[in-house]
Amino acid sequence: MYKKLFILALSAMVCYGKASAQTMIQKNEIKLQSDYMTPEALWAMGRIGQLQASPDGRKVVYQVSYYSVKQNASHTILYVMDANGKNKVQLTTDAKSESDASWIEGGHRIAYLRGGELWSMSPDGTDRKQLSHTDGAIEGYKYAPDGKKVVYIKSIPYYGTIKKNPSDLPKATGRLVTDMNYRHWDHYVETIAHPFVADVTANGIGEGLDIMEGQPFEAPVAPFGGIEQMDWSVDSKYIAYTSRKREGLQYAISTDTDIYLYDTTTGKTRNLCKPEGYKEPQIDATRSMKNQAVNRQSTDCQVGYDVNPKFSPDGKYIAWQSMKNNGYESDRNRLCVMNLQTGHKVYVTEQFDSNVDDYVWSNDSKTLYFLGCWHACVNVYQTNLNGNVMQLTDGWYDYGSLQMLGNNKNKNLLVTRHSMSSPDDIYVLTPSNKEKKSAVAQITFENKHIFDQLELGKVQQRWMKTTDGKSELVWIILPPHFDATKKYPTLLFCEGGPQSPVSQFWSYRWNFQIMAANGYVIVAPNRRGLPGFGSDWNEDISGDWTGQCMDDYLSAIDDAADNLPFVDKERLGCVGASFGGFSVYYLAGHHQKRFKAFISHDGAFNLESMYTDTEEAWFSNWEYEDAYWNQNLSANAKKTYDNSPHKFVDKWDTPILVIHGEKDYRINANQGMGAFNAARMRGIPAEMLIFPDENHWVLKPQNGILWQRTFFSWLDKWLKN
């Protein structure tokens, strides 16, 4: 299921394929054939990625990825501009991708990655120099504040769960597996990432020192962690990094990552999340950690996800995002601040009953700005060290990242923002400490040349009553050129997660505007189990996948069908991915003939099989509560297995399209194959789109186009003919 730690990145996922050595893929002034969104228009859009303001706040360097469907490749290009959006200059001038730019030498030069090596250049793109020589191994980097050292990420061989093959069998393809965590997300675990620290010299950077040498653990944490999981102290003496120091079975059943502090002068490391001498209680690998001793620790002992450390500018504090419970990926993400002198920790976002998705220290070290989802929108908030929280922005948007606009005394923030109707652009936010609204100024218009040619569907917000009398927020997206006198086929969108928000996200696959452009009304409920409506609402799905959350789905589509005259209740479809795909499989056996077509992408079908299929066993343990073979199953566990979708195939009566990636190791492809085979054996009209080279998502351009065409062809066949 979709990981909360990656939800914001998911909506702007960038696929770093290699462009042709002869052809540079870059922004084109394309002419669309109509004013309706198409898959080709989506893939023609530039996707803004990493950005950084210069130390004086006057310049911004950022990256954009462009795609060629014909070449089935991407190209990442660097730009620099004034902080007001003027005087933009393209820095990348050949077919090789360049990314991860940052300002060094006080803003006089720009460092960046090219071909897995660290380079630098003048801010106008001249005087380029290769700084590292690692055979293309650098995956991310961060310079020390004094510029004398750099920490970079590099993968090293790992044989902890898959044994190294004999040297006299170089062509053998077999893998001898000795423990769990032998594959993760979309790859076999034969390498792990480590942080290396190197001196910066006049000739580049010196040989890197592995600061975790000899440790069979990863840092940053797979599958999504990057350089944001590390930070330098202000005095350039310490490196804080994130790691889950476990292997095999213990890795697979735990989410307990910690923040470690490495002293570059002594080589010593200490754990900031555990007291000295901490010994972890014995864990039952086949039962939920909800009630195990590991989740009954003192307030000084953090046993859930602890990630993304950042030192305060004055050097007195370090902050990080922290979850309370081990084994639970969707626990509330809080912001922890630690006094480095006393070791005292305080949570400064307790007034905000939702997640901290990203954050940054203010330049005066007295305030932290953070992103959080409330009522299906991700806005900017601030808190002080006493935990007084204030909202700074509003509107139907999702802010995607934030940083201070330089290191000077001004309080402006550099942010990205998107919505259901537009992908990321860059903005400057001027926070207000008063009741008046903060000022937000857009400084990039990356895809204006495309959107100027498009007619978009209107987005509406609707609150409706659930079966238990509570209020549920539902997004309604209308087709472009909407005619209120007509009736439209309508899609119920089922969200993944299971605890991911249906916020104002922008996706290049599950894109509501392209669904609307194909003539569909979309009903997208924030059903039980989603963040942004308080912890109780968010927690209400754990151990109850087929209860109130499914009633919330049906309540939303029934409300639309009964009360919105433009919704054709005779032409309803139901679509979703991940937990949304599971929801489709379940509703296929319980919809009481509401729907005329289903589409499930990467959904769980057989929960007994899923329990041991998935590589992240902690997820199954928390959500299902017990291994299916355990005696005396809890009531929730019994209900979960008894309500597995595969047990209701006898009630399936509606055409279904199954989509799955064979490199999806979180929800294995056998889940989709089993659902498709069951449908065909039952005589249900069914098709399956299988991708041998895709994981939980679809990242390659031509596969993305095929996905969209197959998706709408199936819906049109059953809902329009």
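What you are looking at is a predicted structure, and each value in this text was computed from that prediction instead of being measured. (Residues numbered from 1 in each chain as written. Predicted model: local features only at pLDDT ≥ 70, side-chain atom pairs only at ≥ 80, totals over all residues. Heavy atoms only, no water.)

### Thoughts on the overall build of the protein chain
Scanning the protein chain for helices and strands turns up 13 helices and 41 strands. Rg of the C-alpha trace for the protein chain: 25 Å, near the compact-globule value of 27 Å for 721 residues, within the 12% margin. C-alpha atoms of the protein chain, sized along the principal axes, occupy 70 × 65 × 60 Å. A total of 721 residues make up the protein chain; the buried ones form 60% of that total. Intrachain contacts of the protein chain at a sequence separation of at least 6 include 61% that bridge at least 24 residues. Carbon and sulfur atoms form 48% of the exposed surface of the protein chain, whose accessible area is close to 28,200 Å². Charged side chains of the protein chain number 76 positive and 84 negative; the gap between the two group centres comes to 2 Å. (Helix = DSSP H or I, 4+ residues; strand = E, 2+ residues; numbered from the N terminus. Rg over C-alpha atoms; globule rule 2.2 N^0.38 Å. Buried < 20%, exposed > 50% of the residue type's maximum accessible area, 1.4 Å probe, protein only. Contact = heavy atoms within 4.5 Å. Areas by Shrake-Rupley, 256 points an atom, 1.4 Å probe, with all protein chains shown as cover. Lys, Arg positive; Asp, Glu negative; His and termini not counted. Charge placed at Lys NZ, Arg CZ, Asp CG, Glu CD.)

### Notes on the pattern of salt bridges
In total, this model carries 35 salt bridges according to the counting rule given. With a shortest N-O distance of 2.8 Å, Lys448 and Asp452 are connected by a salt bridge. Taking the shortest distance from any N to any O, the salt bridge between Arg571 and Asp568 comes out at 2.8 Å. Assessed through its relative accessible area of 13%, Asp568 is described here as buried. Bridged by salt links that share partners, the residues Arg246, Asp256, Asp258, Lys274 and Glu280 form one connected network. (Salt bridge = Lys/Arg side-chain N within 4 Å of Asp/Glu carboxyl O.)

### Quick notes on helix α11 (residues 635-642)
Residues of α11 that are buried include every one of Ala637, Thr640 and Tyr641, and no others. Along the axis of α11, the buried positions cluster into a sector of 90°, meaning they face one direction only. Looking at the buried side of α11, the elements it contacts are α9 (607-613) and α10 (617-624). (Arc of directions from axis to C-beta.)

### Description of the sheet that holds strand β8 (residues 129-130)
Overall, antiparallel pairing links the four strands, which are arranged β5-β6-β7-β8 in an open sheet. Strands at the two margins of the open sheet, each flanked by one partner only, are β5 (98-104) and β8. Relative to strand β7 (residues 117-121), strand β6 (residues 109-114) is paired through five bridges, and the arrangement is antiparallel. Among the inter-strand pairings, Tyr112 is bridged to a residue of β7, identified as Trp119. (Pairing = 2+ DSSP bridges.)

### Some remarks on the sheet that holds strand β41 (residues 686-691)
If you walk across this open sheet you meet the eight strands as β34-β35-β37-β36-β38-β39-β40-β41, and the pairing is mixed. Of all strands in the sheet, those with a lone pairing partner are β34 (459-465) and β41, marking the two edges. Averaged over all neighbouring strand pairs, the angle between strand axes comes to 20°, with direction disregarded. Sheet strands touched by helix α7 (residues 548-563): β34, β35 (471-477), β36 (488-494), β37 (521-525) and β38 (567-577). Its angle to β34, the strand with the most contacts, is close to 110°. Sheet strands touched by helix α12 (residues 669-681): β40 (656-661) and β41. Its angle to β41, the strand with the most contacts, is close to 160°. (Axes fitted to C-alpha atoms, helices over the stretch in contact; angles between N-to-C directions.)

### Some words on the environment of Ser644
Its place among the elements puts Ser644 in the loop between α11 and β40. Residue Ser644 is classed as buried on the basis of its relative accessible area of 1%. A C-alpha to C-alpha distance of 28 Å links Ser644 and Glu570, two positions 74 residues apart in sequence. Among residues more than four places away in sequence, those in contact with Ser644 are Phe605, Asn606 and Leu607. One polar contact links the side chain of Ser644 to the main-chain carbonyl oxygen of Phe605, over a distance of 3.2 Å. (Polar contact = N/O pair within 3.5 Å; in protein donor to acceptor, adjacent residues only side chain to side chain.)

### Some remarks on the domain arrangement of the protein chain
Splitting the protein chain by domain gives domain 1 (358-450) and domain 2 (455-606 + 644-720). Listed per partner, the contact involves 15 residues of domain 1 and 23 residues of domain 2. Taken together, the two surfaces of domain 1 and domain 2 that pack against each other cover about 1,500 Å², and 67% of this comes from carbon and sulfur. Summed over the three residues of domain 1 that lose the most area to domain 2, namely Ala376, Trp396 and Met420, the buried surface amounts to 49% of that side. Between the two partners, domain 1 and domain 2, sit zero salt bridges. For the pair domain 1 and domain 2, the interface holds seven residue pairs in polar contact (both at pLDDT 80 or more). Elements that contribute at least two residues to the side of domain 1 that touches domain 2 include exactly β27 (367-374), β28 (377-384), β31 (413-419) and β32 (422-430). (Domains from an automatic or database assignment. Buried area = accessible area lost by both parts, 1.4 Å probe.)

### Things to note about the nonpolar core
Core analysis: the largest hydrophobic core is formed by 59 residues, its most contacted members being Leu492, Leu587, Trp652 and Ile656. With near-sequence residues (within four places) excluded, Leu587 lies in contact with Leu492, Cys494, Met550, Tyr553, Leu554, Cys574 and Phe598. Formed by 48 residues, the second largest nonpolar core is a distinct cluster that contains Cys377, Met515, Val575 and Leu715. (Core = buried A, V, L, I, M, F, W, Y, C linked by side-chain atoms within 4.5 Å.)

### Observations concerning the UniProt feature "domain: Peptidase S9 prolyl oligopeptidase catalytic" (unreviewed entry) in the protein chain
As annotated by UniProt and renumbered to match this structure, "domain: Peptidase S9 prolyl oligopeptidase catalytic" (unreviewed entry) occupies residues 506-720. Annotated as residues 506-720, this span is 43% helix and 15% strand, and its ends, taken at the C-alpha atoms, are 26 Å apart. (UniProt positions renumbered as here; feature names shortened; annotations may be inferred.)

### Remarks on the side chain of Ser438
Examined against the element boundaries, Ser438 turns out to sit in the loop between β32 and β33 (439-442). In this structure the side chain of Ser438 is engaged in a polar contact, spanning 2.9 Å, whose partner is the backbone oxygen of Leu392. A polar contact of 3.0 Å, which involves the side chain of Ser438, links it to the backbone nitrogen of Ser432. In this structure, Ser438 is in contact with Leu392, Leu429, Thr430, Pro431 and Ser432, ignoring residues within four places of it in sequence.

### Structural notes on the environment of Trp119
Mapped onto the elements, Trp119 comes out in strand β7. As a C-alpha pair, Trp119 and Lys129 span 10 residues in sequence and 5.5 Å in three-dimensional space. If we skip the residues at most four places from it in the chain, Trp119 touches Ile110, Ala111, Tyr112, Arg114, Arg128, Lys129, Gln130 and Leu131.

### Description of the pairing of strand β3 (residues 73-82)
With 10 of its 10 residues buried, β3 lies for the most part within the structure. The pairing of strand β2 (residues 59-68) with β3 spans 10 bridges and is classified as antiparallel. Paired with Tyr67 across the two strands is Ser74, which belongs to β3. With antiparallel pairing between neighbouring strands as the criterion, β2 and β3 make up a hairpin whose turn holds four residues, including Asn72 at a positive phi of roughly 55°. Note: β3 against strand β4 (residues 89-90), two bridges, orientation antiparallel. Note that in β4 the partner of Val80 across the bridge is Val89.

### Focus on α7
Given 3.6 residues to a turn, an α-helix orients residues that are three or four positions apart in the same direction. With 16 residues, α7 ought to run about 22 Å at 1.5 Å a step, and its terminal C-alpha atoms sit 22 Å apart, in line with that. Buried residues dominate α7, accounting for 12 of its 16 residues. Considered for burial, the residues of α7 that qualify are Gln548, Cys549, Met550, Asp552, Tyr553, Leu554, Ser555, Ala556, Ile557, Asp559, Ala560 and Ala561. (Expected span 1.5 Å × (residues − 1).)

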